[in-house]
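Chain by chain, the residues:
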Amino acid sequence: MRLLSLGHACVDVYQGAVAALVPFFVSERHYTYAAASGIVLAASLLSSVVQPLFGVLTDRWRMPWLLPVSTLTAGGGVALSGAGDSYALTLAVVAVSGIGVAAYHPEAARAARGAAGGDHAAMGWFSLGGNIGFAAAPLLVAAVVATGGLRASPLLAGPALVAAVLYAAVPRTDPRPGAATAGHADEREDDRASFARLSGAIMCRSVVFVGLSAFVSLYVRERAGGGEVAGTAALFVLYLGGAVGTVAGGRLANRYSRVTVVRRSYALSVLAVAGVVLVPGPALYGFVALTSACLYVPFSLHVTLGQDYLPRHMGTASGVTLGLAVSVGGIAGPAIGALADAASLQAALAPLIALPAVGWLLLRPLREPAGTGRTGRTGQGADGTTGSSNVRRSLTS
């Protein structure tokens, strides 16, 4: 789990780096908001489409080699994004980076679920790795690009090289196909209706998070002042708050129903996002942190719920919950940017307040997946052991 979490951090640097590069594209290349948000879309669009496909593939075959290869692809695209002045070339390499991210997550989530053995807190630590990568992205981009300009972007390839070396060990430690769902998952039926509702809620969350990621840096400069440093700090707070929320979500899910935790986090997100959009001055940073925590409390729970709603297709569930439903938020980026160009950033971000409420409405009818307990762990066997204990033994053997 430590290996997977650290590698996850290195990979998700590149998801966060795209948004962190937006202010530099605006200031150095004089892109409009709409053009800059198109770069975020390029990173998201192909990733949205192909990630479920990689999920289907990992349902059929064990492919640990995808981890180092996809990591290098994700890092290489971002590293080349500032190397040329061509907008088309920038879109192309960022899109390639998105494909790398798409290829990574289904296989990594499958391996992490096996290593976690049904413990939501352990899955939270895996997700925490990604949150740390997100949080580190604006600091890394600022350190490289603020000093050397966009042409220094090849230096951003460093985390990908580290992760590729780390993941060279995965083929020796990764569980055999199906170990993560030993015995129990194969006996359950897919609940496609609940999975569709969950995916719809995640899409609402995605639009909010991707929209804020792309524009919160520029927005805080307008509302709180402080220039480039203030914008970078706001993006760092947005990503770091996600790390806190992810750990809290895993712990809460081990105590309460996952569905209850997810629903309540969406409800609280409405107030948090409203604070980001409407509250001026330094207090804005507090609402950015609260929004991030609320949006990330359910993050690892989305993955395990999706896998338990589709127990026969866990790779597909991982591809959708970590991919299509997450990166689809980037598709809304150009619309937010166009509205910002036509009116203001505040007017463009205001509709984001309503989306967590829509997600909450979608989640209301959901119940814990069949065959799991109140906290989502598999039921107790005849010998008094839990399903997760059986998984741990299978992994050990």
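From a predicted model like this one, the values you see are computed outputs, not experimental measurements.

Student: How do you make sense of the packing of aromatic side chains when you look at a structure like this?
Tutor: The way to describe two aromatic rings as a pair is by their centre distance and the angle between their planes. Summed over the entire model, instances satisfying the criterion amount to six aromatic pairs. Consider the rings of Phe25 and Tyr31, whose centres lie 5.7 Å apart with planes at 20°: the pair is stacked. A relative accessible area of 0% places Phe25 in the buried class. Exposure remark for Tyr31: the relative accessible area of 12% places this residue in the buried category. Their ring planes at 90° and their centres at 6.2 Å tell us that Tyr33 and Phe215 sit as a pair that is edge-to-face. With Tyr33 in helix H2 (residues 33-60) and Phe215 in helix H8 (residues 192-224), this residue pair connects regions lying 182 residues apart in the sequence. You'll find Tyr33 and Phe215 in the same group, each marked buried. The structure contains a cluster of three or more aromatic residues connected by ring pairs, namely Phe25, Tyr31 and Tyr87.

Student: Is there a simple way to explain the nonpolar core in this structure?
Tutor: A general tendency of soluble globular proteins is for nonpolar side chains to be buried together. By size, the foremost hydrophobic cluster in this structure holds 76 residues, and its most contacted members are Val141, Phe215, Leu238, Tyr239 and Leu352. Counting residues per element, this core draws most heavily on helix H1 (residues 2-29), which supplies 12 residues. In this structure Phe215 touches Tyr33, Ser37, Gly333, Ile336, Gly337, Leu345 and Leu349, once residues within four positions along its chain are discounted. Core analysis: the next-biggest nonpolar cluster, separate from the first, contains 18 residues, Ala201, Ala253, Val259 and Leu305 among them.

Student: Explain helix H11 (residues 283-296) to me, please; I cannot follow it from the model alone.
Tutor: Taking 1.5 Å per residue as the helical rise, H11 with its 14 residues ought to reach 20 Å, and the 20 Å between its terminal C-alpha atoms agrees with that figure. Buried within H11 we find Leu284, Val288, Thr291, Ser292, Ala293, Cys294, Leu295 and Tyr296.

Student: Just to check I follow, could you spell out unusual backbone geometry for this structure?
Tutor: A negative phi holds for most residues other than glycine; trans holds for most peptide bonds. Its identity is not glycine, yet His30 carries a phi of approximately 60°, on the positive side. Take His30: it is sitting in the loop between H1 and H2. His30 gets classed as exposed once you look at its relative accessible area, which sits at 66%.

Student: Teacher, can you tell me more about the environment of Val101 here?
Tutor: Looking at where Val101 falls in the secondary structure, it is placed in helix H4 (residues 87-116). The exposure class of Val101 is buried, given its relative accessible area of 4%. C-alpha separation for the pair Val101 and Gln15, spaced 86 residues apart in sequence, amounts to 7.6 Å. Excluding residues that lie within four positions of it along the chain, Val101 makes contacts with Gln15, Gln51 and Ala74.

Conventions and cut-offs
Residues numbered from 1 in each chain as written. Predicted model: local features only at pLDDT ≥ 70, side-chain atom pairs only at ≥ 80, totals over all residues. Heavy atoms only, no water. Phe/Tyr/Trp six-rings, centres within 6.5 Å; stacked < 30°, edge-to-face > 60°. Buried < 20%, exposed > 50% of the residue type's maximum accessible area, 1.4 Å probe, protein only. Helix = DSSP H or I, 4+ residues; strand = E, 2+ residues; numbered from the N terminus. Core = buried A, V, L, I, M, F, W, Y, C linked by side-chain atoms within 4.5 Å. Contact = heavy atoms within 4.5 Å. Expected span 1.5 Å × (residues − 1).

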